[in-house]
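Each chain, written out:
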Amino acid sequence: MRGPRKRVVVLISGRGSNMRALIEAAGDPNYPAEIVGVISNRANAAGLDFAAAAGIPTRVIAKADYPDAASQDAALNKALAEFRADLICLAGYMRLLTQTFVERWSGRMINIHPSLLPLFKGLHPHAQALAAGVRVHGCSVHFVTFEMDSGPIIAQAAVPVLGTDDENNLSARVLAAEHRLYPLALQLVAEGQVRMEGETAIVSMAETAKQPILISPVLETGGADLEALARFTP
Ligand code: GRF
């Protein structure tokens, strides 16, 4: 492995299943990043318990404790400095960060969104996908810019949408793909194989590199029947 592992802080608001996927990936000493802290804006986020049980220091920086968003983000910056964070992963962090904060961490903060961006930004992306009638849905990891769910895309995973899908089983299929995609995307950023330049994500790895920037069960199975894809689990 080249250079020291990147120090990563994960920001959550709830369940924390993506945080958990990152913690598990970073359990491999050859993974190029380590999770050095988890910060939640909600004291009752279930993910905090998992992180603590994994021996990772946690903090709660909640809206109610600060007069405004700028001072909440200043507290966030202070905690990140204490953790000596190199990179931030947003994982279900349900709060808009201030422009000052976003600019400070430009190119060093990434987010996962459960849609194939730029489609279906914001809330209820699975309902949006079903309403639009798309046959392919998925998730994206992107660099964070001030405009929500709009930064340069690092990697994507595609899953099929079946005629029988409702929001629940579609979101479960996408979530399984998220748990594969986020550790992969963090690896690419931590290794410097994908970096942000202006409004673009620059990919410097060889086309033939072992790590893909697209995960697709359709490609993996050579287009096997959709029933099998529906049952796809990582
Ligand atoms: C995920 O679907 C993520 O893509 C979105 O919020 C959800 C968080 O789930 N941003 P979890 O807390 O990681 O389980």
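1. Concerning the site of the ligand
The ligand sits among Arg15, Gly16, Ser17, Asn18, Gly92, Ile112, Pro114 and Glu178. The separation between an oxygen atom of the ligand and a polar main-chain atom of Asn18 is 2.9 Å. Contact with the protein chains covers 84% of the free accessible surface of the ligand, which is 360 Å². The residue makeup of the shell around the ligand, split by class, is two nonpolar, four polar and two charged.

2. Quick notes on the pairing of strand β4 (residues 87-90)
A two-sided burial pattern is seen for β4, the buried positions comprising Leu87 and Cys89 on one face and Ile88 and Leu90 on the other. Bridge analysis of strand β1 (residues 6-12) against β4 gives four bridges, and the strand direction is parallel. Along β4, the bridge assignment pairs Val8 with Leu87. Note: β4 against strand β5 (residues 109-113), three bridges, orientation parallel. What sits directly across from Leu90, in β5, is Asn111.

3. Focus on the layout of surface pockets
Counted as a void, the largest pocket has a volume near 930 Å³. Lining the largest pocket are 37 residues, and of these Gly92, Tyr93, Met94, Asn111 and Ile112 sit closest to its centre. Among the secondary structure elements, those contributing two or more residues to the lining of the largest pocket are α1 (17-26), β5, α5 (125-132) and α6 (167-190). Looking at side-chain class alone, the lining of the largest pocket contains 18 nonpolar, 14 polar and five charged residues. Formed jointly, the lining of the largest pocket draws a minimum of three residues from each of two domains, domain 1 (1-105) and domain 2 (113-234).

4. Some points on unusual backbone geometry
That bond from Leu117 to Pro118 is cis: its omega, 10°, falls within 30 degrees of zero. Within the element layout of this structure, Pro118 appears in the loop between β5 and α5. Backbone geometry places Arg84, a non-glycine residue, at a positive phi of 50°. Structurally, the position occupied by Arg84 is in the loop between α3 (69-82) and β4. Backbone geometry at Asp149 places phi at a positive 55°, although glycine is not the residue there. By the secondary structure assignment, Asp149 is in the loop between β6 (136-143) and β7 (153-160).

Reading the values: the criteria
Residues numbered from 1 in each chain as written. Predicted model: local features only at pLDDT ≥ 70, side-chain atom pairs only at ≥ 80, totals over all residues. Heavy atoms only, no water. Near = heavy atom within 4 Å. Polar contact = N/O pair within 3.5 Å; in protein donor to acceptor, adjacent residues only side chain to side chain. Areas by Shrake-Rupley, 256 points an atom, 1.4 Å probe, with all protein chains shown as cover. Nonpolar A, V, L, I, M, F, W, Y, C, P; charged D, E, K, R; others polar. Buried < 20%, exposed > 50% of the residue type's maximum accessible area, 1.4 Å probe, protein only. Helix = DSSP H or I, 4+ residues; strand = E, 2+ residues; numbered from the N terminus. Pairing = 2+ DSSP bridges. 1 Å grid on protein atoms, 1.4 Å probe; cavity = no way out; pocket = protein on both sides within 12 Å on 5 of 7 lines; lining within 4 Å. Points joined across faces, edges and corners; volume = space filled by probe spheres on them. Domains from an automatic or database assignment.

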